[in-house]
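Summary of structural features
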Amino acid sequence: MTAHDGPPGAAAPRAAVFDVDGTLVDTNYLHAVTWWEAFHQAGHRVAMTDVHHTVGMGSERLIERLLGEDRDRERDEEISAAHSTLYATWFDRLTALDGAADLLRALAGRDWRIVLATSAKGTELTALRRAIDADDAIRDATSADDVGSSKPAPDPVRQALEQAGVPPERALFVGDTVWDVQAAGRAGVGCVALLSGGIGQAELEAAGAVAVYRDPAALLADLDGSPFGRMERDLSREAGER
C-alpha cells in the first residue's frame, strides 16, 4: 500500500474519506438479499425494502432497527453470522462501480489523502479492496473492527481523519446512504453522496449531502466543479494569502 502524502512542504493536506459498500463496490443489493435470507432463516419476516434502507449501518444497529428492542437478543450473533456466511459466497464476484479505481487514483494524484471508512468487518473489507484494485492510491482504511460505534455514529469518519492526519474542515466524505451523510455531518465533514447504493437524491439531500452524483464515474467527470475542486481552490487561496 502506498500512502500519497503530497510534495514536501505542501500546505494544507486534505483527506478524501470513502465509504465502500455501494460507493466504490456494487454490493448494497447483495447485502439486502443476504440479510433478508439471514432473517428468514431465524424465523423473521422483514420487508426487503426495509432491509435495503438499513444497509450502511453496522450489524448491531441494523438488527436493532429492523427487529426492535423487544427481540430475542441472544439470536443477534446467529443472524449476523448467517449474513456474513451468505455474503462471503459473493466475495470472488464483487464488482467495483464504474470509475471507482480511477476516482481514487485521480484524487491521490491531486494530493488528497485517501482513507476508506466502512461498516464492513475486516474480512469483508479485504474482499472489497480486492474488487476495487486501487491499493496504490489508498493511504489507510478503517472497518467495523476498529471503532466502538458504526454509522450513523461519527466514529468511523473521525477514525479516518485521525489516520489521514487531517482536520474535518480539510476533508470530504463520499458515501451512498443517509447513514453516511449523517456520520459525516456529526464528524463535521461535508458529504458528497452517490446514487449507486439505491437511495434517492431527495433523501440524500434532506440528510445534508453537499452534492449528489450518479456514481464514481460521474463524480470523476466533474471533479473540478465538485466540492473537491472547490476545496482545492479555497485552500490554495488561503495558502497564497498567508
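The sections below set out a description of the structure shown in this document. (Residues numbered from 1 in each chain as written. Predicted model: local features only at pLDDT ≥ 70, side-chain atom pairs only at ≥ 80, totals over all residues. Heavy atoms only, no water.)

1. What about the overall build of the chain?
As a reminder of what qualifies: A run of DSSP states H or I qualifies as a helix once it reaches four residues; a run of E qualifies as a strand once it reaches two. Both are numbered from the N-terminal end. We take the radius of gyration over the C-alpha atoms and set the globule estimate at 2.2 Å times the residue count to the 0.38 power. Burial status follows relative accessibility: with a 1.4 Å probe on protein chains alone, a residue under 20% of its type maximum counts as buried, one over 50% as exposed, and anything between as partly exposed. Whether two residues are in contact is decided by their heavy atoms: any pair within 4.5 Å suffices. Per-residue and other accessible areas were derived by the Shrake-Rupley procedure at a 1.4 Å probe size, with only the shown protein chains allowed to occlude residues.
The secondary structure content of the chain amounts to 11 helices and 6 strands. Its C-alpha radius of gyration of 18 Å places the chain within 12% of the 18 Å reference for a compact globule of 242 residues. Its C-alpha atoms give the chain principal-axis dimensions of roughly 65 × 35 × 30 Å. Each of the 242 residues in the chain was classed as buried or not, and the buried ones make up 52%. For the chain, contacts bridging at least 24 residues in sequence account for 68% of all contacts bridging at least 6. Working note: accessible area of the chain is about 10800 Å², and carbon and sulfur atoms make up 46% of it.

2. Focus on the packing of aromatic side chains
Applied cut-off: Working definition: a ring pair exists when centres of Phe, Tyr or Trp rings (six-membered ring for Trp) sit within 6.5 Å. Plane angles under 30 degrees give stacked, over 60 give edge-to-face, the rest tilted. A positively charged side chain is recorded as over a ring if its NZ (Lys) or CZ (Arg) lies within 6 Å of the ring centre. The angle to the ring normal must also be within 35 degrees.
Enumeration over the complete set of coordinates arrives at 3 aromatic pairs. An angle of 75° between the planes, with centres 4.9 Å apart, marks the rings of tryptophan 112 and phenylalanine 228 as edge-to-face. Taken together, the residues tryptophan 112 in strand β2 (residues 112–117) and phenylalanine 228 in helix α11 (residues 227–241) connect sequence positions 116 residues apart. Look at tryptophan 112 and you get buried, because its relative accessible area is 0%. Looking at arginine 93, its charged tip hangs above the ring of tryptophan 90, at a distance of 4.1 Å from the centre.

3. Some points on the sheet that holds strand β5 (residues 190–194)
The following threshold applies: By this definition, two strands are paired if DSSP reports at least two bridges between them. Angles run from 0 to 180 degrees between N-to-C directions of axes, and those axes are lines fitted to C-alpha atoms, restricted for helices to the stretch in contact.
Ordered in space as β3-β2-β1-β4-β5-β6, the 6 strands form an open sheet in which the pairing is parallel. Edge positions in the open sheet fall to β3 (140–142) and β6 (211–213), since each of these has one partner strand only. Pairs of neighbouring strands in the sheet enclose a mean axial angle of 25°, with direction left out of account. Summarising the sheet, strand β1 (residues 14–18) and strand β4 (residues 171–175) pair through 4 bridges and their orientation is parallel. Each bridged residue has a counterpart across the sheet, and for phenylalanine 18 the counterpart in β4 is valine 174.

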